[in-house]
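# What the coordinates show
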Amino acid sequence: MVQDLLLPILKHEQKKSGYISEAAIKRISIQTGIPVSRIFGVATFYSMFHTKPQGKNMIEVCHGPSCHLNGSFNVLKSLYKSLKIKPGETTKDKKFSLHTCSCIGCCDKGPAMLLNGKQYTLLDETKLKAIIKKCRS
Amino acid sequence: MQILRKTELKAYKKAKKIGQKGVIEILSKKGLVGRGGAAFPTARKWQFAIDTKSDTKYVICNADEGEPGTFKDHLVLEKVPENVIEGIIIAAETIAAKQAYIYLRGEYEYLKPKIQKAISSVLKRSGSKVKIDIVVGAGAYVCGDETAIIKSIEGYRGQAYLKPPFPPVEGLWGKPTVINNVGTLANVPQAILFDDWDPHLRLFSLSGDVTKPGIYEFPMGVSLKKLIELGKPKNPVKAVYFGCFGGCMPYKEILLTPENVCGQNCVIGAGTIIVVDNTHSIVDMAETIAKFYAFESCGKCTPCREGSKRCLDLIAKIQSGKATKQDCDTLLDLALHIHETSLCGLGQTATNHLITALKYFREEFEQKCKLH
Ligand code: SF4
Ligand code: FES
């Protein structure tokens, strides 16, 4: 049973390289015997896998309904102000990638986001500025 | 809160003493039903797996709480992970499974160290030989479906498949598998141990336009008004959404039972209550939720894959002011079709929010439309 190792392997690759490249998929296919097409299928199915290079810091802003009501749009707006990128984009210096994501279970503390997998809640412009500044330094 | 009472492995010891039959008897007598939303009797589910002959069986703990606006499993995993693990080993030993998995949402990965610690400590203290592994998902709402979880653990795209066969008969790698939700498994040791355990208590996730959001524990049948007043809304409340899939209703007093909520054309599901006040637009809510479904549709069947995108297009048209009232009819038509013809639960419920919004708040949509 190698197939059940595929998710952990892809997770590892995503963490190590920041994305799952075509070369990596071919390599994993040779190592596991799982066809390239199936690996590609899995890699593109899950939203936390990326097949394009990502920035060093991964920001995922929750756009669930509770966060929407608590101002997730303003979070995206202030991130646009400081990073000049929209969801799906990466900054020129490759330091940040921005995505939106589904509910992250912090709906009582919205608006919320994940930064490199860690939760940040009750976001406002001042808080976001401080977070970005810390990532930059 | 009842759910946070610790059982400290006393339930496991009792379960060992009373054996398989005793556990099933106690759980069915006490009336423990699944907390994931379907409310299936837990004892019956386990009995199916017991009755299926096989050397290998599995238990899966569904920690894939993905319904937007729901964060009760999050609370349980954070506060009483040991109870959940105790529930898992009781389940596994009752159905004679040697291996259990916890399928944790990718978005909850930050809880993994805590759960891992609870596993080691419970296994060490109990002496149980059940092997428990955590499988972390990678972001897919559809994986909340039992069959999609199985596919995902097997390493495939987490796409749902048609039942039967039901997992307790033929599940993970074709073997009998019991899949229980975090909340169900946390209740197992409590139901076994405490005489005063109340089967009617549920966790409600209250969020949205309230100043005191959070998890509230009440019996099924609690007053909606009471619950929302505890949340202290800032402005007059206009609507209530039962998560994304449960639909919406105008705010008024009802007692929250599955039947009453169903009477409002909604589904109570896992007790998700999202409050919308009169400063927010229902059309904006519709757009947010439609985006969610267009993104999460797994793509396996046409009505949901194509339909969810078309819904989003139509809502965008309405938002832009270029739509006519006829587009509202088309939207409703489309929503009904997706509801009736989709393959799995995701698609079948993906448009509940639109069907109910167009029933109760149609004027908000029409106000954005051209006159003809
Ligand atoms: S209804 Fe949607 S999520 Fe379910 S199988 Fe069809 S496309 Fe996939
Ligand atoms: S809706 Fe944003 S965390 Fe749940």
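Thresholds applied
Residues numbered from 1 in each chain as written. Chains lettered and ligands numbered in written order. Predicted model: local features only at pLDDT ≥ 70, side-chain atom pairs only at ≥ 80, totals over all residues. Heavy atoms only, no water. Axes fitted to C-alpha atoms, helices over the stretch in contact; angles between N-to-C directions. Helix = DSSP H or I, 4+ residues; strand = E, 2+ residues; numbered from the N terminus. Parallel < 35°, antiparallel > 145°, perpendicular 65-115°, else oblique. Contact = heavy atoms within 4.5 Å. Nonpolar A, V, L, I, M, F, W, Y, C, P; charged D, E, K, R; others polar. Domains from an automatic or database assignment. Buried area = accessible area lost by both parts, 1.4 Å probe. Salt bridge = Lys/Arg side-chain N within 4 Å of Asp/Glu carboxyl O. Polar contact = N/O pair within 3.5 Å; in protein donor to acceptor, adjacent residues only side chain to side chain. Buried < 20%, exposed > 50% of the residue type's maximum accessible area, 1.4 Å probe, protein only. Near = heavy atom within 4 Å. Phe/Tyr/Trp six-rings, centres within 6.5 Å; stacked < 30°, edge-to-face > 60°. Lys NZ or Arg CZ within 6 Å of the ring centre and 35° of its normal.

The subject of this paragraph is the packing of helix 4 (residues 81–95) of chain B against helix 7 (residues 182–193) of chain B. Residue and element names in this part refer to chain B. In the contact formed by helix 4 and helix 7, the axes pass within 7 Å of each other and the chain directions differ by 80°. Between helix 4 and helix 7, the interaxial angle falls into the category roughly perpendicular. Contacts between helix 4 and helix 7 involve Asn-83, Val-84, Glu-86, Gly-87, Ile-88, Ile-90 and Ala-91 on the former and, on the latter, Val-182, Leu-185, Ala-186, Val-188, Pro-189, Gln-190 and Ile-192. Residue composition of the contact of helix 4 with helix 7, by class: 10 nonpolar, 3 polar and 1 charged.

Another aspect to go through is the domain arrangement of chain A. Domain boundaries in chain A define domain 1 (2–45) and domain 2 (57–136). In this structure, domain 1 of chain A and domain 2 of chain A have C-alpha centres spaced 28 Å apart.

Residue and element names in this part refer to chain A. Note that Cys-67 resides in helix 4 (residues 65–69). Separated by 42 residues in sequence, Cys-67 and Lys-109 have C-alpha atoms that sit 8.3 Å apart. If sequence neighbours within four positions are ignored, Cys-67 has contacts with Cys-62, Ser-72, Gly-110, Pro-111 and Ala-112.

A few words on the interface of chain B and chain A. Many structure descriptions define interface size as the accessible area lost when the parts assemble. The interface of chain B with chain A comprises 46 residues on the first partner and 33 residues on the second. For the pair chain B and chain A, the summed buried surface comes to about 3200 Å²; carbon and sulfur atoms form 62% of the total. On the chain B side of the interface with chain A, the three residues burying the most area are Tyr-110, Ala-138 and Arg-157 of chain B, jointly 18% of the side's total. Across the chain B-chain A interface, the total number found is 2 salt bridges. A salt bridge links Glu-109 of chain B to Lys-11 of chain A; its shortest N-O distance comes to 3.6 Å. The tally of links from chain B across to chain A stands at 16 residue pairs in polar contact (both at pLDDT 80 or more). Mapped onto the side of chain B that touches chain A, the elements with two or more residues apiece are helix 6 (146–153), strand 5 (201–208), strand 9 (272–277) and helix 10 (282–296) of chain B. When the residues that make up the side of chain B that touches chain A are grouped by side-chain class, the tally is 22 nonpolar, 15 polar and 9 charged.

The next subject is unusual backbone geometry. Apart from glycine, the bulk of residues carry a negative phi angle, and the bulk of peptide bonds sit in the trans form. Put simply, Gly-110 of chain A and Pro-111 of chain A share a cis peptide bond, and its omega is -5°. Mapped onto the secondary structure, Pro-111 of chain A falls in the loop between strand 2 (96–101) and strand 3 (113–115). Positive phi outside glycine occurs at Leu-9 of chain B, with the angle close to 65°. Mapped onto the elements, Leu-9 of chain B comes out in the segment before helix 1 (10–30). A relative accessible area of 5% places Leu-9 of chain B in the buried class. In the Ramachandran plot, Lys-232 of chain B falls in the positive-phi region, its phi being about 50° despite a non-glycine side chain. Note on placement: Lys-232 of chain B falls in the loop between helix 8 (224–230) and strand 7 (237–241). On the basis of relative accessible area, Lys-232 of chain B is assigned to the partly exposed category, the value being 48%.

Bringing the site of ligand 1 into the picture now. Taken together, Ser-297, Cys-298, Gly-299, Lys-300, Cys-301, Cys-304, Ser-342, Leu-343, Cys-344, Leu-346 and Gly-347 of chain B make up the full set of residues adjacent to ligand 1. Taken together, the residues of the shell around ligand 1 sort by class into 6 nonpolar, 4 polar and 1 charged.

Take the packing of aromatic side chains next. Inspection of the entire model under this criterion finds 8 aromatic pairs over all chains. Each ring, one from Tyr-46 of chain A and one from Phe-49 of chain A, has its centre 6.0 Å from the other, and the planes form 75°; the classification is edge-to-face. The exposure class of Tyr-46 of chain A is buried, given its relative accessible area of 1%. Overall, Phe-49 of chain A belongs to the buried group, its relative accessible area being 6%. On the numbers, 6.3 Å between centres and 50° between planes, the contact of Tyr-108 of chain B with Tyr-110 of chain B is tilted. In this structure Tyr-108 of chain B comes out as buried when scored by relative accessible area, which is 0%. Here the guanidinium or amino end of Arg-5 of chain B rests over the ring plane of Phe-194 of chain B, the centre of that ring lying 3.9 Å away. When the ring centre of Tyr-108 of chain B is taken as reference, the NZ or CZ atom of Arg-105 of chain B above it lies at 5.1 Å.

On to the pattern of salt bridges. In the structure shown here, the tally under the stated rule is 21 salt bridges over all chains. Among the ionic pairs, Lys-109 of chain A bridges to Asp-108 of chain A, the shortest N-O distance being 3.8 Å. Its relative accessible area of 34% is what places Lys-109 of chain A among the partly exposed residues. Put simply, Arg-362 of chain B and Glu-366 of chain B hold a salt bridge, and the shortest N to O gap is 2.8 Å.

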